[in-house]
Every structure is written in structure tokens, then in C-alpha cells.
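Residues per chain, in single letters:
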2 protein chains.
Amino acid sequence: MITLYDLAGADPALRFSPYCWRTRFALAHKGMPVDTIPWRFTDTDAIAFSGQGRVPVIRDGGVVVSDSWAIAEYLEEQCPTPALFGGALGRAHARFINSWVDSVMVPGIATLIVRDLLDVVADKDKDYFRSSRESRFGRTLEEVQAGREQRVLAFRASLAPIRLVLRTQPWLGGAAPSYADHIVAGTLMWARCTSKFSVIDPQGSIVPWFERMLDLYGGLGRAARTV
Amino acid sequence: MITLYDLAGADPALRFSPYCWRTRFALAHKGMPVDTIPWRFTDTDAIAFSGQGRVPVIRDGGVVVSDSWAIAEYLEEQCPTPALFGGALGRAHARFINSWVDSVMVPGIATLIVRDLLDVVADKDKDYFRSSRESRFGRTLEEVQAGREQRVLAFRASLAPIRLVLRTQPWLGGAAPSYADHIVAGTLMWARCTSKFSVIDPQGSIVPWFERMLDLYGGLGRAARTV
């Protein structure tokens, strides 16, 4: 049984890391059972064995892997089917999608929900969360999140590549979901679980795909605790 | 021998379509010889046999294929190695990259060089080019291109996913070039061939990769006519 250190809020059932969600979906895709351990930002000692301080971290017998991308590569190597990448080129191309999500979706969503995140993190994490994020943005969390009703329109426009792909295929992975779907959907789970604010257009063409993602793997995403 | 209808300028040796360049690179990748026929925007009769009015169009014996994506799929099917996609997932993931380029890079570069393009298109194409593009933008070509020295900074920032990928692998295709490289490099060839304005940061990390792309396939990109 694989163990996953999984970012949790004050409510231990609230799991909201966009990177841990990629790993959750990837594990479910492989049909690999997982034991998740709720982890908070300040629990650095608990994952010191991984040699770094961020989740996801998995332990598989004697093997420890950190970083969502490295974990996906590890899972594909251990268990090639059903495929996450489907070969070297599928993996290389998925890396572009991962980079796009990390440079467009993650910072975009952060500016829309970062103050909401403060409300869900564990009490012991709140000081760390506020100071680390305010230092990163150079503004208060309240200032960063202000005006999101207007700003969300530009964020939604930036998701055009997803809409364009979904016109030609049902999943980012083509005929079936792949790790590309996990990257994007895992990132959307971050907002879904922590905020009532809709980062994607409720009437837009990404919704039907995300709804199907929520239903996959026995409704893993659908069943997730939300605020 | 495959025949390619290839967008040309007043100078028939100037080939500048971002979509035809994807096809040129893909054909060279496969080692398939090609006979290119210079084509202008108003030569719709010349490709009427394809059932539509845009290039690239290829004719391979009795088979006609139009649209750069469909052509890449056709080439991969006819000749699986060296791979453009490397399987169904590689192809599905490349489709995302194609969508990103078409929704971010192509419109971004258009606003930086569209007035320069008018100078290189064939005389008989100039009226069509100006009126179709001005209608699309709702402004004159001169107005669209104005202020590019400032605006290019935002465009360059939008290429972050490419820079991020190239930190971890030498090509967008991973250890070797794939159609993902052709999509991005083909689009950059559009600007390289038609404008002296540098759309990418001359000191940035995309340049070394693009220089290697120019040298591939016997220096196909390097040897291309530029203004």
C-alpha cells in the first residue's frame, strides 16, 4: 500500500493541494490503493525523510518519491497500464501541459482564491501561510484577492487551449483520460475544495469535461470534502 | 514525391506560413522529399481540389490532405518512424500544445508583425491581406502593430511554459525533437522570415533551442529566405 502525505486544512478531511490532487488522480488511474496522511504546511519534520519540505510525498515500501511530476513518472514505471503518458513522447508533451498549468493556471487561480485559502488552512499554518504568500505577492492576501469578479474573466480567457482541445477530443489524453487530465483537473480541485468562487465559467465548455473528471475513479473528485 | 502548396510572398522563395512551416519540419523529420509550390492567399482556385481555401495542402499520389494537424497525423500513419507523436497519448498531448500555440503564440505574434507581413505578401494579395486582417482586428494594420516594443514584453512572458519545459529536457519532444518542436518552431519561422523585429527575447532561454531547430534537417530553417 502506497502512503501519500497529502496537504490538509484545519478539517483533516479537506484536501486541497493542486499537486497532491494530481497524484491522487494518478494513483486512482492506476488502480493503486493509497493510504493518505493529512499533512500541514508546518509539518516539515513529518516529511524530512524525503529530503525536502513539500507535498506530495509518497512512500512505497522502501521507496520515497517527492514532487508530483516525479511521482507520476514513478507510477508509470512501476505499472505501465493504464497509461498516464503512453511512452516517451507522451511524457515529454505532458511536461509542456504541466508547465503551462504551473505557469498560467496555478498563479491565475492563486490570485482568485488566496484569501479563501487562509480560512481553510489549519490554525497552526495560518501565520506561515499569510506571511509566505504575502511575501511572494508583495501585497496582503486581501489586496491580492480583491477585484476577482472582474479579473476572473481574463483568467477564464487564458484557458482557451483547454477549450480548443476539448472541441476535438473528449479528454486531454484523447479517447481516454491521461495524466494531462489529472494535471488540469487536480489544479481545479484546489479551487473547488477551498472556495465557493467559480474560477471556471459555469456555462463554459470546460465544465462538462470537469464533471466527467469528478465522476471518474468511483467519484473520487466528486466525493472530496469542500468548504 | 509529396507536393506541398506553401504560402509564398512577392518573392516566391520567401515562405512564411506558421502552419506550412509545421508541415515542412514534419516532412523533413520523416525524411520525406517534398516538392513545394509557391502559393498566394488569392490562389484559391489552385487548391480548390482540396475542398477548401487554405494552405498547407499536400498531395501524395492520389491522396490530398489539408490542415497542418491532419497532415501531421497522415505522415505519422504513413511512416511511423522517426515519430512525430509516438502513439495516441503523445498525439493527444501534442494537440494541447498545438492549441496553446494557436491561441497564444499565433495571435500574439500577429499583433507584433502584421504590418510587416503586408510588405512581404505578393502585390496581388495586398488588398486581400489588409482588408481581411483589418476586419479581423477591427483596426488598421498600422494601429495593430503600434507600440510593439512595449507589448512584446507581455508576449515574451506568455512563453513561460516553453522556458519551463526546456529547463528539464532539450526538446519539447523530450530527448529528441517531435511535432511539438515543429509546432512552436514553425510558428517562430513566420516571424523570422517576414520581420526584423525579434518576437523572442534575444538573451532568453528559448534562443538556444530555436538555434538548434534551425540547424536540424540539414539546416532547413537556417537556410530559409528572410526579409
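Residues numbered from 1 in each chain as written. Chains lettered and ligands numbered in written order. Predicted model: local features only at pLDDT ≥ 70, side-chain atom pairs only at ≥ 80, totals over all residues.

> Any chance you could break down the overall build of chain A for me, citing the residues and the numbers?
Tallying secondary structure elements over chain A gives nine helices and four strands in all. Put simply, chain A runs from its N terminus to its C terminus through helices and strands in the order β-α-β-β-β-α-α-α-α-α-α-α-α. Taking 17 Å as the expected radius of gyration for a compact globule of 227 residues, we find that chain A reaches 17 Å, a close match to that expectation. Dimensions of chain A along its principal axes, counting C-alpha atoms only, are 45 × 45 × 30 Å. Relative to its 227 residues, chain A shows a buried fraction of 42%. Pairs at least 24 apart in sequence give 72% of the contacts found in chain A among residues at least 6 apart. (Helix = DSSP H or I, 4+ residues; strand = E, 2+ residues; numbered from the N terminus. Rg over C-alpha atoms; globule rule 2.2 N^0.38 Å. Buried ≥ 20, exposed ≤ 12 C-beta atoms within 10 Å, placed from the backbone. Contact = placed C-beta atoms within 7 Å.)

> Could you give an account of the domain arrangement of chain A, naming the residues involved and the relevant values?
Residue and element names in this part refer to chain A. As assigned here, chain A comprises domain 1 (2-78) and domain 2 (88-219). Just the C-alpha atoms count here: the centres of domain 1 and domain 2 sit 18 Å apart. Of all the secondary structure elements, the ones that give two or more residues to the side of domain 1 that touches domain 2 are α1 (18-30) and α2 (68-78). With seven residues, the top contributor of residues to the side of domain 1 that touches domain 2 is α1. (Domains from an automatic or database assignment.)

> Could you give me a rundown of the interface of chain A and chain B, with the residues and numbers involved?
Contacts between the two partners involve 30 residues from chain A, matched on the other side by 30 residues from chain B. Put simply, the parts of the chain that give the side of chain A that touches chain B at least two residues each are α3 (88-120) and α7 (160-166) of chain A. Among the elements that make up the side of chain A that touches chain B, the one with the highest residue count is α3(A) (14 residues). Looking at the side of chain A that touches chain B residue by residue, the class counts come to 16 nonpolar, eleven polar and three charged. (Nonpolar A, V, L, I, M, F, W, Y, C, P; charged D, E, K, R; others polar.)

> Provide a residue-level description of the packing of helix α1 (residues 18-30) of chain B against helix α8 (residues 179-194) of chain B, including the pertinent values.
Residue and element names in this part refer to chain B. Orientation of α1 relative to α8, taken along the N-to-C sense of each, is 135 degrees, at an axis distance of 7 Å. Classed by the angle they form, the pair α1 and α8 counts as oblique. For the crossing formed where α1 meets α8, the hand is right-handed. Along its contact with α1, which presents Pro18, Trp21, Arg22, Phe25, Ala26 and His29, the element α8 presents Tyr179, His182, Ile183, Ala185, Gly186, Thr187, Met189 and Trp190. Grouping the amino acids of the contact of α1 with α8 by side-chain chemistry returns nine nonpolar, four polar and one charged. (Axes fitted to C-alpha atoms, helices over the stretch in contact; angles between N-to-C directions. Parallel < 35°, antiparallel > 145°, perpendicular 65-115°, else oblique. Left-handed = near helix turned anticlockwise from the far one by under 90°.)

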